[in-house]
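# A look at the structure
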Amino acid sequence: MEPKGRLKEIKAGITPTIKELKFTISRIKNSPLSILGFAIIIFFVIIAISAPVLAPPVCPDPFRIWQDEFTIGSARPPGSSIFIDFNGAQALKQGYTSHIFGTVEGMDIYYACIWGTVGAFRIGFMVVVFTLIIGLIIGCIAGYYGGVIDEIMMRFTDIIFAFPGLILAMALVIALNRPWDIDNGFLALIFLVPAAIVIAARYGFKFSTLWSVALGFFGLICIILFRNILKSPSLLPMTLNLTDLDKVLIALVIVGWPGYTRVIRGEILKVKQEDYVEAAKAVGCSDLRIMIRHILPNTIYPILIIASLDIGSIVLLAAALSFLGIGAPYGYADWGQLISFSRDKIYAGRIEPWKYWYTFIIPGLFIAVFTLGWNLLGDAFRDILDPTLRRK
Amino acid sequence: MSAIIETVALKKYYPVLGGIFRRRVADVKAVDNVNFTVYRGECFGLVGESGCGKTTLGKTIIRLLQPNAGHIYFDVPEDVQEEIKKEQGNPKSEAYGRLLRKYDIATFRKGKLQQLRRKMQIVYQDPTTSLNPRMLVKDIIAEPLNVQGIAKGSEARRRVVEVLEKVGLTERHLYRYPHEFSGGQRQRIAVARALVSNPEFVVLDEPTSSVDVSVRAQLLNLFQDLQKDLHLTYLFVSHDLSVVECISDRVAVMYLGKIVELAPTMELYNRPMHPYAVALFASIPIPDPTVKRERVVLAGEVPSPINPPAGCRFHPRCSKVMQICSKQEPKLMDIGNGHFVACHLYTQ
Amino acid sequence: MAKNLLEIRDLQLKFYTYEGIVEALDSVDLDLKEGETLGLVGETGCGKSVTGLSTLVLVPSPGRIESGHVILTKEEDKKIDLLKQKDETLMKIRGDDMSMIFQDPRSALNPVYTVGNQIAEVFMHHRLKELCQKALDEVNKSIASRKGGILTRFERKALNKMIKNPKSISLKIISRIPLLNRYKRRLKKEVKKESVRMLREMRIADPERVIDMYPHELSGGMAQRAVIAMGLACNPQLLIADEPTTNLDVTVQLQILNLIRELKQQYGSSILYITHDMGVIAELCQRVAVMYAGNVVEVADVLEIFKNPLHPYTKALLESIPRPGKEFKSIEGTVPSLINPPAGCRFHDRCPNAIEVCKAVKPKMMEVKKGHYVQCHIVSK
């Protein structure tokens, strides 16, 4: 009787979740825009998954667009034949018959777009995951404990928020251009300061705002005075050599986390005063358990919405950085890079203004539709998962 | 009868922040110098209007809130009570401090507080918001067991089913979300959560206010049955005077953070003495159109608890106000039959 | 024999939700006589609130009134079916001939406007001409006493135009020009006077101060008085009160009930009082209608219904009121889901005396005694 009982229990455990899921799916079906959003994303996912099949890699690194060295500097229209140079021969072997979307700077646009999809998903997800983690941690602590902790974290968030995103990203990428020495100051910032904040939060320091302002000044002066001491000799002598993409990743994460923090903190403030949180305290739950089991599951939905809307804008930002030349390295399959090559070909003269349309329209379309898909998805999530609208 | 809860000079103030640096400029005196005793096995009713501090008092007693001053003694044996009363004379003595640290739950911190949570529980007013909407019923009820390490796994499951059956639900209801139940059933789940750790003292914070009249009777029956079976002591906080009349053994009336009258139920409802209590009981609508009751309409509004009136807090609205009422605060005095009143009319 | 002010006949209301079609009201028949207070009692989900809303044709989507008649008798015995009226006619009737006061005063009042502003809104909508006339009288007085200049004469012209055609384009233009729109100030003064008068009628001690307060600054009782002021501003024939005292403290509830009683005598309106508290019914109402699961199951005089309840649900409801010393009796079972309501009498599965026919055929409302109507097979036999 034992195994059968277990099975029934498992089934019973999943049934409510399945019911909720069915309800969610039916709501999705009712809105044409969300179906469109889902369709677009599924389309791109299929392209990304089947990239090795749709566009077999020619160079050893699949993200390197195969290039025809003879025609660097010019663009050839869609349907042009493949020149038989080193890369061209490889390409013919892999099954390419012609340049389907044309070439720009000698690079095959079709290949770049397909593998660019993979790159877009990669960068999008990785940045969103990191910003989500940072935003969750900071937002949770700030929202749950409140008081001076909240003030410090929120002011810090506001500082970063004050910079325009693209400009800050650009500045960060360039600043990270040299090999990075990890010094004591950096270690202190990364480990000691958060540890101090978390410990203080746990013991519930209740300073007034006057104290927090004083503390802030004191801390700043300390950092300035002791900067030199913190510089040498480091506890963890290490030099990071960041690849171009790492730089973009770090820059985008730093630009992106304040947005999440604010939203999460707002949601937590809302949920914190609900009765069931107090009931959990009455039962004897620790702070951490309350945060994870009670507060987070009830606040996660708006964050999912923001996250899905964000992937679109992250990819857009990354493409913008690549367009400006400070994102992906030369020859890396990236939509923004393609458009950067077509920079001077966008307007080809009075006589034939659209002569090189394929160099920017095609990658541009990929970017636009990708972002549109995620935006629609985000909107769909918001309509579907917002608990106040759900049970209409 | 042994006392299970005794409060001495209990105070709970909420700070009002103002000014540029959000300093504490004033206090909302939610609970101000409250002394009373709850005996084991009884149902103690706490009534009053909104803003009188009854919910705050209930939550402070079970240490969900930290009191600003005063002592709360939980389940202190008789002889120790005598000792504490003796030592109250010299509050700075070593022995007094030791006794307080051991028995006064107002001083308890994390570790001892955790153990205390097992014995004291609370049922909230609105079951829709007091149950986590994203947790299954079985997790909601099993949570006290997991958090306090009472039971795990299959043992926990057995106890959950046991307590569910006590409140009138079945095993089938385990794997559902709270929103799939009706209001009365959700309140039962909340009661089950409170009872699963076998507490001795349960604060019921307006548990029947958000449910229908017909379900109310079911819940009241449930409370009475559970009290008999599990030897519980209730603190029944409510603004619904007719419900409190039916279920409580003794009742206290609160006004602006103070207890103004305390008596056994029949005594209080038949012979209220404090003018506020008189007005309060006279305003209960009677479901019988033939009864014509004398209507004492209480004029004005409840003053703000930030700046309560001097002397007796009720004196600006009292029809029998005297000179002394605006100057001196009346103490809660015993006028016989277990009937306590805080009013200068009776303490001459 | 007092005539009927409001007649609801065969009202059917359905809510089209994801989970199914909720049959909220199932052939509701109700009569409200002129000058009486009719109490509508029932538990949560029985449909009493939506009955009140349907009378004003204010049912929110996804609700839809399927069929039925809501007949209001205006002055000179003119009967109109509200469900067949156009929106403009309804907008004139709402607030003027019929008005409603709601359960939670804080959410019935707009938090970003002062109380005075909201009462003024009612006056501006329904009594614009009278107020303009009053303002005009003021203007004429000051012209006659030679206190006014060119601008005052212009105000007179503007007010005259407003009386004739409030929606004219020239008025719209004038109202935006700084010096020329002084007529609005006079109008506002008149409106404010009326609003202060209304608040004073509500027995508020200091109406000039309260009129400039925002809803969040008021206590529950004061806010409810403001809502009642809005409801009675235009002296409606019918006032629908949807549980106005449920959220209030018991002493404040007494104040408000007394107020409603006094105002009813003063204004002569009829009241449809929706509540679930039998005590309030006994205090305030002359006739009582009991609702269950979308049906009106019993209608009778208040004394009759407490002394001699005939429908099993009414009996059980009165018995379940907690009384000290007696054990608590509750009604077995739960309210049926209205998505697939039970066939026949909707109370049959909880009724202790149910017979075969109760499960199959829905009982008709019969007048069992004079003025005492019941919808039950057993009783009507």
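Since the model is a prediction, treat every value here as computed from it, not as a measurement.

Let's shift gears to the overall build of chain C. Helix and strand counts for chain C stand at 15 helices and 12 strands. C-alpha atoms of chain C, sized along the principal axes, occupy 85 × 45 × 45 Å. The proportion of buried residues among the 381 residues of chain C is 45%. Relative to all contacts within chain C whose residues are 6 or more apart in sequence, the contacts with residues 24 or more apart total 65%.

On a plain count of helices and strands, chain B comes out with 12 helices and 11 strands. Taking 2.2 N^0.38 as the reference for a compact globule, 348 residues should give roughly 20 Å; the C-alpha atoms of chain B span a radius of gyration of 21 Å, in line with that estimate. Expressed as lengths along the three principal axes of its C-alpha atoms, the size of chain B is roughly 65 × 65 × 50 Å. In chain B, once contacts between residues fewer than 6 apart in sequence are set aside, the share between residues at least 24 apart is 66%.

The next thing to look at is the arrangement of the chains. By contact count, the dominant pairing among the two pairs of chains in contact is that of chains B and C. Note that chain A does not reach chain C: the shortest distance linking a C-alpha of one to a C-alpha of the other is 7 Å.

A few words now on the nonpolar core. In terms of nonpolar packing, the biggest core is built from 293 residues, with Leu 252 of chain A, Ile 141, Leu 235, Phe 236 and Val 253 of chain B together with Ala 229 and Leu 272 of chain C touching the most fellow members. By residue number, the principal contributor to this core is helix α5 (residues 109-145) of chain A, which donates 19 residues. With sequence-adjacent residues up to four places away left out, Leu 235 of chain B is seen in contact with Val 38, Phe 44, Leu 46, Gly 58, Ile 61, Val 203 and Leu 204 of chain B.

Next up on the list: the interface of chain C and chain B. If you look at the interface, chain C gives 32 residues, while chain B gives 30 residues. Put simply, the parts of the chain that give the side of chain C that touches chain B at least two residues each are α11 (250-267), α12 (278-284) and α13 (302-307) of chain C. Considering every element that reaches the side of chain C that touches chain B, the biggest residue donor is α11 of chain C, with six residues. Class assignment of the residues belonging to the side of chain C that touches chain B gives a composition of 14 nonpolar, 12 polar and six charged.

With that out of the way, let us pick up the packing of helix α7 (residues 165-175) of chain A against helix α12 (residues 287-323) of chain A. All names here are of chain A. Relative orientation of the contacting elements α7 and α12 amounts to 55°, with a least axis distance of 11 Å. It follows that α7 is oblique to α12 by the angle criterion. Note on packing geometry: the crossing formed by α7 with α12 is right-handed. The residues of α12 that touch α7, namely those facing Gly 165, Leu 166, Ala 169, Met 170 and Val 173, are Leu 317, Ala 320 and Leu 321.

Moving on, we come to helix α8 (residues 182-201) of chain C. All names here are of chain C. Its 20 residues give α8 an end-to-end C-alpha distance of 29 Å, which sits within 8% of 28 Å, the value for a rise of 1.5 Å per residue. Every buried residue of α8 is listed here: Tyr 183, Arg 186, Leu 187, Glu 190, Val 191, Ser 195, Met 198 and Leu 199. Taken from the residues just after α8, Arg 203 is the one with a positive phi, measuring 60°.

Another point: the environment of Val 237 of chain B. Residue position: Val 237 of chain B is located in strand β7 (residues 233-238). Each C-alpha atom, one on Val 237 of chain B and one on Val 251 of chain B, is 9.6 Å from the other, the two residues being 14 residues apart in sequence.

Attention shifts here to helix α7 (residues 153-166) of chain B. Residue and element names in this part refer to chain B. The terminal C-alpha atoms of α7 lie 20 Å apart, and with 14 residues this matches the ideal 20 Å at 1.5 Å per residue to within 8%. Of the residues making up α7, those classed as buried are Val 160, Val 163 and Leu 164. On an axial view of α7, the arc spanned by its buried residues comes to 105°, and they lie on one face. Facing away from the buried side of α7 by over 90 degrees, the exposed positions are Ser 154, Glu 155, Arg 158, Glu 162 and Glu 165. At the C-terminal side of α7, Gly 168 shows a positive phi close to 95°.

Now for the pairing of strand β3 (residues 43-47) of chain B. Residue and element names in this part refer to chain B. Across the five residues of β3, five count as buried, placing the element largely inside the fold. Neither face of β3 is left uncovered, since the one carrying Cys 43, Gly 45 and Val 47 and the one carrying Phe 44 and Leu 46 both have all their residues buried. Across five bridges, the pairing between β3 and β7 is parallel. Its bridge partner being in β7, Gly 45 is matched across the sheet by Phe 236. Here four bridges tie β3 to strand β8 (residues 250-255), and the two strands are oriented parallel to one another. In the sheet register, Phe 44 faces β8, and the bridge partner there is Arg 250.

Bringing the sheet that holds strand β11 (residues 340-341) of chain B into the picture now. All names here are of chain B. Spatially, eight strands are ordered β5-β6-β7-β3-β8-β9-β11-β10 in an open sheet, and the strand pairing comes out mixed. Of all strands in the sheet, those with a lone pairing partner are β5 (120-123) and β10 (333-334), marking the two edges. Direction of pairing for strand β6 (residues 201-205) relative to β7: parallel, over a ladder of five bridges. Looking at β7, one finds that Val 203 is bridged to Leu 235. Lying on the sheet, helix α12 (residues 275-282) is in contact with β8 and β9 (258-264); it crosses β8 at an angle near 105°.

Let us look at the sheet that holds strand β4 (residues 63-73) of chain C. The strands that make up a sheet are held in pairs by hydrogen bonds between backbone atoms, and each pair lies either parallel or antiparallel. Residue and element names in this part refer to chain C. Judged by pairing direction, the sheet is antiparallel, and its four strands sit side by side in the order β2-β1-β4-β5 without closing on themselves. In this open sheet, the two strands that pair with only one neighbour each are β2 (20-33) and β5 (79-81). Each strand of the sheet is rotated relative to its neighbour by a mean of 5°, with strand direction disregarded. Across the face of the sheet, helix α1 (residues 48-55) comes into contact with β1 (4-17), β2 and β4 while running at roughly 115° to β1.

What follows concerns the domain arrangement of chain C. Residue and element names in this part refer to chain C. Splitting chain C by domain gives domain 1 (1-111 + 216-381) and domain 2 (116-196). Between the C-alpha centres of domain 1 and domain 2 the distance comes to 41 Å. In this complex, domain 1 contributes eight residues to the contact, which on the side of domain 2 involves seven residues.

Our focus in this paragraph is the pairing of β1 of chain C. All names here are of chain C. As defined by bridge partners, β1 adjoins β2 across 11 bridges and the pair is classed as antiparallel. Bridging from a neighbouring strand, Glu 7 pairs with Asp 31 of β2. In sequence, β1 turns back onto β2 through a hairpin of two residues. Of the pairings in the sheet, the one linking β1 to β4 comprises eight bridges and is antiparallel in character. Directly across from Ile 8, in β4, lies its bridge partner Val 70.

Moving on to the confidence of the model for chain C. Summary statistics for chain C give a mean pLDDT of 86 and a share of 99% for residues scoring 70 or more. Interface confidence for the predicted complex, given as ipTM, is 0.83, next to a pTM of 0.80.

Further remarks concern unusual backbone geometry. Phi at Arg 63 of chain B is positive, roughly 60°, even though this residue is not glycine. Its location among the elements puts Arg 63 of chain B in the loop between α1 (54-61) and β4 (69-74).

Residues and elements named next belong to chain C. Mapped onto the secondary structure, Tyr 373 falls in strand β12 (residues 372-374). For the pair Tyr 373 and Leu 53, spaced 320 residues apart in sequence, the C-alpha separation works out to 23 Å. Not counting the four nearest positions on each side in its chain, Tyr 373 is found in contact with Glu 298, Val 299, Ala 300, Met 365, Met 366 and Glu 367.

On to the packing of α5 of chain A against helix α6 (residues 147-162) of chain A. Residue and element names in this part refer to chain A. Interhelical geometry of α5 versus α6 gives an angle of 140° and a closest axis separation of 7 Å. For the element pair α5 / α6, the angle class is oblique. In this structure, α5 meets α6 at a crossing whose hand is left-handed. Facing Ile 138, Ile 141, Ala 142 and Tyr 145 of α5, the residues of α6 in contact are Gly 147, Ile 149, Asp 150, Met 153 and Met 154.

Conventions adopted
- Residues numbered from 1 in each chain as written.
- Chains lettered and ligands numbered in written order.
- Predicted model: local features only at pLDDT ≥ 70, side-chain atom pairs only at ≥ 80, totals over all residues.
- Helix = DSSP H or I, 4+ residues; strand = E, 2+ residues; numbered from the N terminus.
- Buried ≥ 20, exposed ≤ 12 C-beta atoms within 10 Å, placed from the backbone.
- Contact = placed C-beta atoms within 7 Å.
- Rg over C-alpha atoms; globule rule 2.2 N^0.38 Å.
- Core = buried A, V, L, I, M, F, W, Y, C linked by C-beta atoms within 7 Å.
- Nonpolar A, V, L, I, M, F, W, Y, C, P; charged D, E, K, R; others polar.
- Axes fitted to C-alpha atoms, helices over the stretch in contact; angles between N-to-C directions.
- Parallel < 35°, antiparallel > 145°, perpendicular 65-115°, else oblique.
- Left-handed = near helix turned anticlockwise from the far one by under 90°.
- Expected span 1.5 Å × (residues − 1).
- Arc of directions from axis to C-beta.
- Pairing = 2+ DSSP bridges.
- Domains from an automatic or database assignment.
- pLDDT = per-residue confidence, 0-100.

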